Amino acid sequence: MPEEHLARRLKVNGIVQGVGFRPFVYNLANQYNLSGEVANTSSGVTIHVEGNLKDLESFARDLTEKHPPLAHIVEIEQYDEVVNNRKGFRIQKSEGAAAMSTLISPDVSICEDCRRELFDRRDRRYGYPFINCTNCGPRYTIINDIPYDRPKTSMKHFKMCPQCQAEYDDPNNRRFHAQPNACDTCGPHVALYDNQCHPIQVHDPIVETANLIKQGYIVAIKGLGGFHLAVDAENDQAVAALRKRKHREEKPLALMSFDLDFIRKFTEVSESDESLLTSIQRPIVLLRKKEPNSISPQIAPRNRYFGVMLPYTPLHYLLLTHDFTALVMTSGNLSEEPIAIDNEDAFKRLGNIADYFLIHNRDIYLRSDDSIVRRSSGSNRFIRRSRGYVPVPVFLKKDIASILACGAELKNTICITKGKMAFLSQHIGDLENLATYEFFRLTIRHMKRILEVEPEIMAHDMHPDYLSTRWALKQQGIVKIPVQHHHAHIVSAMTENKIEGPAIGLSFDGTGYGTDGAIWGGEILIADEKKFSRAAHFAYTPMPGGTAAIKNPWRMAVSYLYDAFGEDLWNLNLPLLQTIDAKKLKVIIQMIVKRVNSPDTSSLGRLFDGVAAIVGLRNYVAFEGQAAMELEMTADVAVDAIYDYEWHAGDIIKISPRPIIREVVKDMHQGIDPSVISARFHRTLIKLFTELCQVIRKETTLNRVVLSGGVFQNSLLLTGLISALEKQSFEVFTHTLVPTNDGGICLGQAMVANATYRS
Ligand code: ZN
Ligand code: ZN
Ligand code: FE
């Protein structure tokens, strides 16, 4: 008896267009002898298949297990269908509006197949720096509108040659419907220029670029999401020149090496680091330095880590074959400005930094900086989530209203929600100059367009002076909901962990506007999506000079010292105090005593700064969080003693920094090494926070603890606290999908606004 012939319809939702999904379905159907068809629809891909039960089931299983690397399946709905007995399997042509899935793939690294062709002398694309296929290459950065089709991308200027067109039209070809498909005959090209905009005629611009870098020149290189500035990482003089011209004094510079063997020459690479480095997203990964190493000491001064990535475009691969241990590949901008993407703009803005320019004629429509990830406590921790990851959404538990969340001030990203998905933008940057502010507005317009969303609600930070807040308040005809900064942090972490609260939320960062007008940043909250209350916080301490105290941690040190010792401060024998001019010190103390321009803060970030300055690490910072980071880096992890600490019960528990500061000073007086003091300081905080969580659990019966805020970029604190809390049987939730710093805050803003609006 013949097996029963059945028909099924499968609706696949997710990132399934422009990623080789239909050819994959076509091949899979043929493999199992199924007839039917596959088509793009407005919500994804729809498949009709006919055959026997066993083959239909194998087909459905392989669909989820073996899909192409860039596809991301959210859900598959299956229905029984009426048999139509047509022969064969075909790919239906998508017609205009029918193909309107809003899920666009991120830009990902060159795939293995393309890399093989790139270095294969017999291949027609041998050495072609724009080789790509459906499994790899640019996406998000080259589209201007949807549907994702060539005319809507910056590839529209290039007409495919007959050979490329044949590949594009052939469902059996790896380049079937690969929108950026191109070759040396028909596609984009590179060209070399000097910084006066004069073309340099050479046979091979990439080989010449490698030569120039070897000679110590700085070359601006147009990449996937923007320009990089490249120098030889082993050339001290070149690195120094780059720092000087870019006005980047001390912030670490990112490196790129040809392969893992090169990276292992100067860093320790664990197995999980390895899989992160080689992933298609190719982020910058923070890796522990090997000492000694041949990399210039100016790449990441006073840091135990290098930020390193593998090449992700064919152009990078061609450049790095010229035997560099590593190239500096830092973003092509003047410090704090958005990175340059446009050739003309690059000459204008980078002409005083770079000696030469390696440019190309494939336009970048939306810039996207390199992502930065660190492995910590067994998970990936985003420091910056951008190229390679954006615009993959964070999937929510439920449908929510359509919201635009404007993010914070520093490390700004924005979030737009649609149905069950929250789309975080690429890294926008610090909203403190006009160029970044313009980029913020452009990104909002761009994302609304490609997601086809006109948000009904807008969420913004409570800080009245954030540029993102000011922009939000200017918009007309939309509901605006202010969200407290630390509440947003906690809800962001709850959302990516798919919990709703209430939970105990440890929200620790540098700065956030509090509901009482003070500057918060050391907050233990009881929070759910809609509301929060403060369960505990660090006692308020004056910040002499406001933001000047952030740039000058010595001012915070003086403030904490004055709080702990009063006028006895003058008798302390601390190297820090000897480095400060006595008159200046007097002025600062006057400011503290008389509360002149000295706002109150409960910030844990500032306490880290203050302790870093007291132990003599640094008096001023070149970038936000630098002193705190160096305090973490200096810690001797073998030390396990702790300091006295103190908190005062009440409606809201107040944590006093006083005993900790006194003990740090005592250690300094006894000549104890900063590495030991730092370790003790970290351990004290871990013990203190665990104890407070236990106290709060007793009162509230809440057993879930959520950790969020920029301070948790500190791996020593994060790892130690997770393990201490878990030892006390707490359920601990942390960030692994979006940054714990302000780069992830827009997600929480959106969810709080949704909950507030609903009620
Ligand atoms: Zn490829
Ligand atoms: Zn071609
Ligand atoms: Fe924050």
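Bear in mind that the values here come from a model prediction, so they are computed numbers and not experimental data.

1. Side note on the packing of aromatic side chains
Piece 1. One pass over the full model with this rule turns up 17 aromatic pairs.
Piece 2. Ring geometry for Phe 347 versus Phe 357: centroids 4.4 Å apart, planes at 40°, classification tilted. Of the two residues, Phe 347 sits in helix α10 (residues 343–350) while Phe 357 sits in strand β13 (residues 356–360), which places them ten residues apart along the sequence.
Piece 3. Site record: aromatic cluster; members linked through ring pairs are Phe 508, Phe 538, Phe 689 and Phe 712.
Piece 4. Cation over ring: Lys 289 sits above Phe 306, and NZ or CZ is 4.9 Å from the ring centre.
Piece 5. Lying over the aromatic face of Trp 520, Arg 534 brings its terminal NZ or CZ to 3.6 Å of the ring centre.

2. A closer look at the packing of helix α18 (residues 604–614) against helix α19 (residues 626–634)
Piece 1. The N-to-C vectors of α18 and α19 enclose an angle of 65°; their axes lie 8 Å apart at closest approach. Here α19 runs roughly perpendicular to α18, going by the angle between their axes. Crossing geometry of α18 relative to α19 is assigned as left-handed. Residues Phe 608, Asp 609, Val 611 and Ala 612 of α18 lie in contact with α19, whose contacting residues are Ala 627, Ala 628 and Leu 631.
Piece 2. For the contact of α18 with α19, the class distribution of residues is six nonpolar, no polar and one charged.

3. So, the coordination of the zinc ion (ligand 2)
Piece 1. Distances from the zinc ion (ligand 2) to its protein donors, namely Cys 161 (SG), Cys 164 (SG), Cys 183 (SG) and Cys 186 (SG), fall within the range 2.2 to 2.4 Å.
Piece 2. For the zinc ion (ligand 2), the four donor atoms are set out with angles of 105 to 116° between them, so the coordination reads as tetrahedral.
Piece 3. All donors of the zinc ion (ligand 2) belong to a single chain; written as a sequence motif, their spacing is C-x2-C-x18-C-x2-C. A residue pair is termed long-range when its members are at least 10 positions apart, and Cys 161 in the loop between α3 (112–118) and α4 (162–169) and Cys 183 in the loop between α4 and β6 (190–194) qualify at 22 residues. For the residue pair Cys 161 and Cys 183, the accessibility class agrees, reading buried in each case.

4. What to know about the coordination of the iron ion (ligand 3)
Piece 1. Within the protein, His 485 (NE2), His 489 (NE2), Asp 509 (OD) and Asp 742 (OD) serve as the donor atoms for the iron ion (ligand 3), at 2.1 to 2.3 Å.
Piece 2. Metal-centred angles of 85 to 172° between the four donor atoms at the iron ion (ligand 3) mark the site as irregular.
Piece 3. Read N to C, the donor residues that coordinate the iron ion (ligand 3) are spaced as H-x3-H-x19-D-x232-D. Of this pair, His 489 sits in helix α13 (residues 485–496) while Asp 742 sits in the loop between β29 (731–733) and α23 (745–758), placing them 253 residues apart in sequence.
Piece 4. Of the residues examined, His 489 reaches a relative accessible area of 1% and is grouped as buried.

5. What to know about the pairing of strand β27 (residues 653–656)
Every regular strand shows the same layout, with side chains that alternate between the two sheet faces.
Piece 1. One ladder, built from three bridges, connects strand β23 (residues 532–538) with β27; its direction is parallel. For His 537, the partnering residue across the bridge sits in β27 and is Lys 654.
Piece 2. With three bridges connecting them, strand β26 (residues 646–648) and β27 associate as antiparallel partners. Considered in β27, the bridge of His 648 is made with Lys 654.
Piece 3. The antiparallel pairing of β26 with β27 creates a hairpin that spans four residues between the two strands.

6. Describing the state of the cysteines
Simply put, the disulfide is a covalent bond whose two ends are the sulfur atoms of two cysteines.
Piece 1. In this structure the tally under the stated criterion is zero disulfides.
Piece 2. Free cysteine: Cys 406, not disulfide-bonded; nearest cysteine sulfur from Cys 746 at 9.4 Å.

The rules behind the values
- Residues numbered from 1 in each chain as written.
- Chains lettered and ligands numbered in written order.
- Predicted model: local features only at pLDDT ≥ 70, side-chain atom pairs only at ≥ 80, totals over all residues.
- Heavy atoms only, no water.
- Phe/Tyr/Trp six-rings, centres within 6.5 Å; stacked < 30°, edge-to-face > 60°.
- Helix = DSSP H or I, 4+ residues; strand = E, 2+ residues; numbered from the N terminus.
- Lys NZ or Arg CZ within 6 Å of the ring centre and 35° of its normal.
- Axes fitted to C-alpha atoms, helices over the stretch in contact; angles between N-to-C directions.
- Parallel < 35°, antiparallel > 145°, perpendicular 65-115°, else oblique.
- Left-handed = near helix turned anticlockwise from the far one by under 90°.
- Contact = heavy atoms within 4.5 Å.
- Nonpolar A, V, L, I, M, F, W, Y, C, P; charged D, E, K, R; others polar.
- Donors = N, O, S within 2.8 Å, 3.2 Å for Na, K, Ca; no water.
- Tetrahedral: all angles 85-135°; square planar, octahedral: opposite > 155°, others 65-115°.
- Buried < 20%, exposed > 50% of the residue type's maximum accessible area, 1.4 Å probe, protein only.
- Pairing = 2+ DSSP bridges.
- Disulfide = S-S within 2.5 Å.

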